[in-house]
Amino acid sequence: MTTTLRYSLACLVALMATGCGGGSSSSGGAVTETTSSAPSRAYFYDADGEQVARMQFQYPDELTINVQLQSVGPDMAWATGDDTSHPYLQCQYMSAPTPLLRYPDLYFLGMSGSATGATALAVLGLSNNGPMKCPVRSGRRLQQESGYVTGLFTPSSDFIFSYSINADLEHFGGTATEVIDYEFVGLDTTVAEILALSEFTSDIDLATVDEPDLPAIVDHTQTNTVIFDAEQRPLSIDLAADSTWTAVLDEYCMEVAPIAVSLKLLRGCSSARQTRSYRYLGDSVEQDVQRYNGSTTADLYNYTATRLADRVIVHPGTADAGPESGHYYDSYLFNASEQVTSMVRSSYSKDGIWDTEDDRHETRESYHYDSNGRLSEVGYFGSIMRRYSYYNDGKLKQVDRVASDSNVPWERTLVSYRQGAPTKITVQRREDDPNDGHFLQTRIVMEFAPSEENWPELFSPVPLFSEFRTPPSIDDLMRFQPIR
């Protein structure tokens, strides 16, 4: 299912200001009037504590962001001939009432669904939605992004490449068409090279699928056409990707098993085109996902989200057919403040009927909040994975990420403020110490400067906070595919 179930960094910005969801009051005094800030400098350190890179952020005008990356050379001495400097990120905006829609990129989404494709994305330092790092800004629409990708921020990866993205969005009444063009320079890693890095076993006949002599990532375009209702809810979304891979998928996807394509070509057959349609039925939303084998219509899948008094149920099938139309259903329980507290996966047993005594229930994710309604812990399969703490005025102070078999954090993020706005964020990671067992070592320091613009979310072109396993909102669950 392509449901987006995460708040993203916007939730963490809300946490910084008042706490995410629920009441925002605190027991430690009044909240200082918030002013805005934006990144000014960042410093990066290796496992030996040596500074290996630094970033300089510039905002020459209200429509431009420039980020320069400097890296120390092999001699580990700054201001010497082997230092390097690259334009790490450049963002160019236009004034506009609406941002880009930024629906998931099928090209990368199709790769993330393949074991070998996911390996390729990880090795090349790409996320499921591609390389886009420029922030969404109020009253601005992104027109062009260009960036530089280095293994500095993707451990175990030595790949270096650059990219550019040209974006266009047009509205015609209840229809919006978004076209995003991706161009890559230096990404010539082939499918065969990625397969050599992947270890998998399969009883599927792979001999009928040749390994094309193509780079795993090629230039491509994705066109998203969205039709809205009077309440600006999507009625249909058509996602179409076009690249060298489109013809390759057309050639193979009708002839062999999709799993063979997924393993041997690094992506799913439906990564060239997909359409979604929505029906809003009182407390339920139905989503139809039409998948394609290459460009030829293939399977149609139905999903339904239904809001009840204390939970949202998401299940395969239509609302009329009920959850019993599939083999499982997910329950997202929420509290009186409408904060999701857990996600429970339920499987039907012998009677094949939803919500009966023989159903099997498994709590996969859990979310805990403090007395002021602020997110305090995130659990996964019964183990606490992340902890949050706050200053007396309610602003986010610290995030610890812990392993399932230990309470010792393997990563800690610390936030400090000036006049209510972030002034410094420090990311520490666990390192082994033969004497003390472990210690937390500073790996990233990002400094912020006052800004006249009120940024709608925390802007950082490198990961400071993990988006993984943060609680979804009820609106996210009931929209299936929210606009980012």
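Residues numbered from 1 in each chain as written. Predicted model: local features only at pLDDT ≥ 70, side-chain atom pairs only at ≥ 80, totals over all residues. Heavy atoms only, no water.

## Remarks on the overall build of the chain
In step 1: Along the chain, the regular secondary structure elements total 7 helices and 22 strands.
In step 2: Here the chain holds 484 residues, and the buried ones make up 49% of them.
In step 3: Taking contacts inside the chain between residues at least 6 apart in sequence as the whole, the part at least 24 apart equals 54%.
In step 4: For the chain, the accessible surface area stands at approximately 22,100 Å², while carbon and sulfur atoms represent 48% of it. (Helix = DSSP H or I, 4+ residues; strand = E, 2+ residues; numbered from the N terminus. Buried < 20%, exposed > 50% of the residue type's maximum accessible area, 1.4 Å probe, protein only. Contact = heavy atoms within 4.5 Å. Areas by Shrake-Rupley, 256 points an atom, 1.4 Å probe, with all protein chains shown as cover.)

## Re the pairing of strand β11 (residues 284–293)
In step 1: Most of β11 is tucked away: 9 of the 10 residues are buried.
In step 2: Relative to β11, strand β10 (residues 273–281) is paired through 8 bridges, and the arrangement is antiparallel. Bridging across to β11, Ser-277 finds its partner in Asp-288.
In step 3: Hairpin geometry of β10 and β11 is characterised by an intervening segment of 2 residues between the two adjacent antiparallel strands and by a positive phi of about 65° at Gly-282.
In step 4: Both β11 and strand β12 (residues 296–307) contribute to a ladder of 9 bridges, which runs antiparallel. Residue pairing in the sheet places Gln-290 in a bridge with Leu-300 of β12. (Pairing = 2+ DSSP bridges.)

## Some details on the state of the cysteines
In step 1: The final tally for this structure, using the stated rule, is 2 disulfides.
In step 2: Across a sulfur-sulfur distance of 2.0 Å, Cys-91 and Cys-134 are joined as a disulfide pair. Disulfide Cys-91-Cys-134: the torsion about the S-S bond is -95°, which places it as left-handed. Of this pair, Cys-91 sits in strand β4 (residues 84–95) while Cys-134 sits in the loop between α3 (115–123) and β5 (140–149), and the two are 43 residues apart along the sequence. (Disulfide = S-S within 2.5 Å.)

## As for the nonpolar core
In step 1: Core analysis: the largest hydrophobic core is formed by 105 residues, its most contacted members being Met-55, Tyr-88, Ile-217 and Val-312.
In step 2: For this core, the leading source of residues is strand β6 (residues 161–172), giving 5 residues. (Core = buried A, V, L, I, M, F, W, Y, C linked by side-chain atoms within 4.5 Å.)

## Some points on the confidence of the model for the chain
In step 1: Residues at a pLDDT of 70 or more form 87% of the chain, whose mean pLDDT is 85.
In step 2: Under a pLDDT of 50 for its full length, residues 1–10 has, in the predicted model, 37 contacts with residues more than four places off or in other chains.
In step 3: When the criterion is pLDDT under 50, residues 21–33 qualifies, and its contacts beyond four places in sequence or with other chains add up to 31 contacts. (pLDDT = per-residue confidence, 0-100.)

## A look at the pattern of salt bridges
In step 1: If you walk through the whole model with that rule in mind, you get 19 salt bridges.
In step 2: Across the pair Arg-273 and Asp-238 runs a salt bridge whose closest N-O atoms are separated by 2.7 Å. Residue Arg-273 is located in strand β10, and its partner Asp-238 is located in strand β9 (residues 234–243); the two are separated by 35 residues in the primary sequence.
In step 3: Arg-273 sits in the partly exposed class, given a relative accessible area of 30%.
In step 4: Its salt-bridge partner being Glu-377, residue Arg-387 comes within 3.4 Å of it at the nearest N-O pair. Taken together, the residues span a long stretch of sequence, with Arg-387 in strand β18 (residues 383–390) and Glu-377 in strand β17 (residues 375–380) at a distance of 10 residues.
In step 5: Taking the relative accessible area as the measure of exposure, Glu-377 reaches 25% and is therefore partly exposed.
In step 6: Connected through shared salt-bridge partners, Asp-229, Glu-231 and Arg-233 make up one network. (Salt bridge = Lys/Arg side-chain N within 4 Å of Asp/Glu carboxyl O.)

## Thoughts on helix α5 (residues 244–252)
In step 1: Listing the buried residues of α5 in full gives Trp-245, Thr-246, Val-248, Leu-249 and Tyr-252. For α5, the angular spread of buried residues about the axis comes to 165°, placing them on one side. Facing away from the buried side of α5, by more than 90 degrees, are the exposed residues Ala-247 and Glu-251.
In step 2: On its buried face, α5 sits against α2 (106–112), α4 (191–197), β9 and α6 (258–265). (Arc of directions from axis to C-beta.)

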